[in-house]
Amino acid sequence: MPEVLSVEGLGKSYTGVRALHDVSFSLGSGEIRGICGENGAGKSTFVKILMGITQPDSGSIRIAGRARDIPGPRQAQGMGLGIVAQELSLAPHLSILDNIWLGSAGVPLLHRRQALRERAQKALDALGVGDWDLNGRVGALTMGQRQIVEIARLLARDTQVLILDEPTATLSDSEIERILAVLRELKAQGRSVIYISHRLGEIFELCDTVTVFRNGECVATKPVQEVSREGLIELMLGRPFDEMYPQHHANPDARNALVIERLTVPGMVHDFSAVAPRGKILCVAGQIGSGAAMVTRAAAGLLPDAIGRLTLDGKTLRLGSVPHCVARNVFFLSEDRASEGLFPPMKVLDNLVATRLYAHAPLGVLSWRALRRIATDLAERVGVDRNRLGTAAVNLSGGNQQKLLFGRTLERTEPGVLLMNEPTRGIDVGARAEIYRLMRRLCDLGYALVMTSSDLEEVVGIADIVVTMYRGRTVARYEGERIAMSTILADITHPAEQAAR
Amino acid sequence: MKASIRNDPHFRPLVILAACIVLLSAVDWGQWRFLSAATPFSTLQTFANIGLVALGLGLTMMIREFDLSVVGMFGLAGCVAVMTGAAHPWFGIACAIAIGLAAGIIQGLIMVRFALGSVGVTLGGLLTFVGLAHVLTENRSVPYDNFRVALLVNEPFAGLLSVRSGVSLAIFAVVALTFGFTRLGRDIIAIGSDRRAAMIAGVNVDAFIVGIFAFSGVCAAATGALLSYSLASASPAGLSDVLVPAAAAAILGGVSLGGGSGRPLGIATGALVLAVLRSGLNAVEAPPFVNDIAMGAILLTVAIGDGPYLMRRLRQLAARERTDR
């Protein structure tokens, strides 16, 4: 297999903190290489260097055998490298066509628009979405559809090495299947793929080889047939792996905390009913766009259009009012931590106590001694290093950021309800296990947890009760032993076919 | 009405312009003060005062920045042109434009190199340029003795245009064509829409920031120079009321402070709305404050119309009506 990309001794530090150290890597033509590692392992820095977004402190990069400097994304593109970044690089105000060619080195100042349109159409056809309107605005597309436009962009530009950073984190199963099929097709054409994912199932399903990063170093590269799932996790963690999902504790006296009756969100959720008992995890499972994420948002008071009846411990919960929900200890943890959860530039301490300032401000003057004491306690309880209370939240890993949000909901007069969308999105495998343990601890304290997740392995592993949804409607409810991946998958993808059977 | 027409970025400014013309015609009905041959000329003269400044400022707003320094540059360039262009008017214009270009490039480079926001940098620019104008003119008005040029720049030709308004319209036309038919327009919208995304996609974001602030500086300088020629004098503090109308024109023209929306022809239409309003209200002999009230009312209406709440309520009402039926 001829080598298309190789890297020797790559190193990078940020203000004295080592992000990459002596990384060597090579990729063959027609190879799909998985890259795994915990958050902060150096994967993103590595990719940023390859794309010219960040410059390395040391090392060299060879593309098709020639030593190259990559000063910026535009130059990387000219060398045949292209990326589908974790945070998408599409301009919502522009059309699909304009986004496909945005910033392309191959588009002259005065160009033949018809020729570009034809090439873009071909790329969409190859992805099985040839019926999309090229003039349609990207802002109107779902996250999954945007991901597909990103890949179409790379196809249209004839990219030889495609780098995909967590491409499936926001996709539905059918969209994931489509993308995996396209990547296999690209491999058959002799193109190479670097596939970064926390979802190990996809690594084993798609990749030929896998490289593991740990603490900024490249610790192993192996063919996927030669490594087991547990072996891969242990390589990522650098230590033996404990059980991912903690034991479900039987809780026969579980009182019904949150009762949702006939919840409807126009155009998104129709007549949804479910009960979330204390001490248990209720998971609303559905593909992106199924309405599952809207159920938790509506219950948190975030959707003013929602109608229906919600009660908490027998008392009515007003829809469409976040302050009302928060006053009754109903908290929401968004799937988008950066823009809907944390205050990224603020300190860990400030983030932890952000929702309880009024309770510790006698005569309106903040008692920082009390707040610091509470923040220290909360940090310990959720497993965040107390020495990092002064660090800006943006500098924490995804796992630690999620723990901060959990921390905000603790230490209340009575246990409440946690509504969570995708609680482990973008969180590495080690931190995931900690989050799951934390969720169980909250159950033991008497909290009722309601979550949505597009990761079926997670749904089956952590949920006590699963309600499946398809196109805004409830399909079925499962509890305990009846929770199985095959039935959930069938429910959320083709419920009609299942019913016919 | 077809959705494609309704969603066209030029649709709203054109509707506002038409509404203003209809309203002023109704007020003036039968008296032929607004509906007279003089109104288009005076409208385009007012357009020439704010149009290009609105264009430069609007482009900075499209990339989610804001050029406050246009006010200072407007006045400084006027003073420079008047002081250097008495014998050679072209030389005066060239000096003014060179200063606008240099100032825009310097401000852009400061933002890019030090990763700074535009409001702070251009506020500094504004104060610096105003100060420089006071220093250059020794704190007094400067007369422009070349009356031939002063008359020429305002001389009507074809009964409609003057040199000033012709230059403004020509520059708008060039920018609109460049924006619509080259890569540059899409790159600008992309930067305002999501700067990081544009950068990863391969757009040279830094070059665009510097270039757009340079263009904004040139626009403000050219307008200030020509206006000072036409007034036959320049004053360090005399031309400070351009920022609000220019920003208003950009917003009426469909530019959002959040970036990523707007088109040059939209800005031109926005500036025309303000020009029609000013000329029309003058023609119907309304007191001067009525212009400010009318402009404020239009802006407020546009802001409420742009907000998500009103649209959501209207959609809900429409849906309810359909259900009832």
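Quick summary incoming for the structure in this document. (Residues numbered from 1 in each chain as written. Chains lettered and ligands numbered in written order. Predicted model: local features only at pLDDT ≥ 70, side-chain atom pairs only at ≥ 80, totals over all residues. Heavy atoms only, no water.)

Quick notes on the packing of helix H12 (residues 243-252) of chain B against helix H14 (residues 288-306) of chain B
All names here are of chain B. Put simply, the rule reads: Whenever a helix is involved, its axis is fitted only over the stretch in contact; in every case the axis is a line through C-alpha atoms, and angles between N-to-C directions fall within 0 to 180 degrees. The helix count covers DSSP runs of H or I at least four residues long, the strand count covers runs of E at least two residues long, and both are numbered beginning at the N terminus. What makes a crossing left-handed is the near helix being turned counterclockwise from the far one by less than a right angle; a clockwise turn instead makes it right-handed. By definition in these notes, contact holds between two residues if any of their heavy atoms fall within 4.5 Å. Polar here means any residue outside two lists: the nonpolar Ala, Val, Leu, Ile, Met, Phe, Trp, Tyr, Cys and Pro, and the charged Asp, Glu, Lys and Arg; Gly therefore counts as polar.
For the pair H12 and H14, the least separation of the axes is 10 Å and the interaxial angle reads 40 degrees. In this structure, the crossing between H12 and H14 has a hand that is left-handed. In this structure, H12 contributes Val244, Ala248, Ile251 and Leu252 to the contact, and H14 contributes Met295, Ile298, Leu299 and Val302. For the contact of H12 with H14, the per-class residue count stands at eight nonpolar, no polar and no charged.

Structural notes on the packing of aromatic side chains
Residues and elements named next belong to chain A. Put simply, the rule reads: Here the aromatic set is Phe, Tyr and Trp, taking the six-membered ring for Trp, and pairing holds for ring centres within 6.5 Å; pairs whose planes are under 30 degrees apart are stacked, those over 60 apart are edge-to-face, and all others are tilted. Accessibility here uses a 1.4 Å probe with only protein chains present; expressed as a share of the type maximum, an area under 20% marks a residue as buried, one over 50% as exposed, and anything in between as partly exposed.
Under the defined criterion, the tally for this structure stands at five aromatic pairs over all chains. Relative to Tyr436, the ring of Tyr245 lies with its centre 4.8 Å away and its plane at 35 degrees, an arrangement referred to as tilted. Taken together, the residues span a long stretch of sequence, with Tyr245 in the loop between helix H8 (229-237) and strand E11 (256-265) and Tyr436 in helix H15 (residues 429-444) at a distance of 191 residues. The exposure classification of Tyr245 matches that of Tyr436, with both residues buried.

Describing unusual backbone geometry
Residues and elements named next belong to chain A. One non-glycine residue with positive phi stands out, namely Asp158, at about 60 degrees. Mapped onto the fold, Asp158 is located in the loop between helix H5 (143-156) and strand E7 (161-165). The phi dihedral of Arg471 is positive, around 45 degrees, even though this residue is not glycine. Take Arg471: it is sitting in the loop between strand E19 (465-470) and strand E20 (473-479). Residue Arg471 is classed as exposed on the basis of its relative accessible area, which comes to 67%.

Side note on the pairing of strand E17 (residues 417-421) of chain A
Residue and element names in this part refer to chain A. Put simply, the rule is: Pairing between strands is defined by DSSP: at least two bridges between the two strands are required.
The buried count for E17 comes to five of five residues, which makes it a mostly enclosed element. The alternating pattern of E17 places Val417, Leu419 and Asn421 and Leu418 and Met420 on opposite faces, both of which are buried. One ladder, built from four bridges, connects strand E16 (residues 330-333) with E17; its direction is parallel. Following the sheet pairing, Leu333 is matched in E17 by Met420. Pairing of E17 with strand E18 (residues 448-453) involves five bridges; the strand directions are parallel.

Considering the interface of chain A and chain B
Test applied: Accessible area that two parts lose when put together, with a 1.4 Å probe and added across both, is what the buried area reports. The rule for a salt bridge is simple: a side-chain nitrogen of Lys or Arg has to be within 4 Å of a carboxyl oxygen of Asp or Glu. Polar contacts here mean pairs of N or O atoms no more than 3.5 Å apart (in protein, one a potential hydrogen donor and the other a potential acceptor; neighbouring residues in sequence count only if both atoms are side-chain atoms).
Contact with chain A, which involves 28 residues of that partner, is made by 23 residues of chain B. Sorting the residues of chain A by area buried against chain B places A:His93, A:Leu102 and A:Leu109 first, and these three jointly supply 25% of that buried surface. For the salt bridge of B:Arg186 with A:Asp98, the shortest nitrogen-to-oxygen distance reads 2.9 Å. On the surface where chain A and chain B come into contact, there are six residue pairs in polar contact (both at pLDDT 80 or more). Looking at the side of chain A that touches chain B element by element, the count peaks at three residues for helix H2 (residues 73-78) of chain A. For the side of chain A that touches chain B, the per-class residue count stands at 15 nonpolar, six polar and seven charged.

A few points about the nonpolar core
Residue and element names in this part refer to chain A. This is how it is decided: Remark: nonpolar core denotes a set of buried residues (Ala, Val, Leu, Ile, Met, Phe, Trp, Tyr, Cys) joined through side-chain atoms within 4.5 Å. Domain extents, as shown, originate in an automatic or database domain assignment.
Among the nonpolar cores identified, the biggest contains 98 residues, and Ile100, Tyr195, Phe406 and Met439 are the most heavily contacted of them. The greatest single-element share of this core, amounting to eight residues, is contributed by H15. Both domain 1 (3-237) and domain 2 (256-329 + 412-500) contribute no fewer than three residues apiece to this core. The residues contacting Phe406, other than those within four sequence positions of it, are Leu333, Val382, Leu418, Met420, Ile435, Leu438, Met439 and Leu442.

Quick look at the side chain of A:Arg440
Residue position: A:Arg440 is located in helix H15. In contact with A:Arg440, not counting residues within four places along its chain, are A:Pro246, A:Gln247, A:His248, A:Gly279, A:Ile281, A:Ile462 and A:Asp464.

Description of the sheet that holds E19(A)
All names here are of chain A. Pairing is mixed across the open sheet formed by six strands, whose spatial order is E16-E17-E18-E13-E19-E20. Here the strands that pair on one side only, and so sit at the sheet edges, are E16 and E20. When the angles between neighbouring strand axes are averaged without regard to direction, this sheet yields 15 degrees. One ladder, built from five bridges, connects strand E13 (residues 281-285) with E18; its direction is parallel. When the bridges of E18 are listed, Cys283 appears paired with Met451. Across the sheet, helix H14 (residues 398-409) touches E16 and E17, and the angle it forms with E16 is around 175 degrees. The strands that H15 touches are E13, E17 and E18; relative to E18, the one it contacts most, it runs at about 150 degrees.

Considering helix H9 (residues 292-299) of chain A
Residue and element names in this part refer to chain A. Summarising burial for H9: six of the eight residues are buried, a large majority. Within H9, burial applies to Ala292, Val295, Thr296, Arg297, Ala298 and Ala299. The positive-phi residue at the C-terminal boundary of H9 is Gly301, with phi of around 85 degrees.

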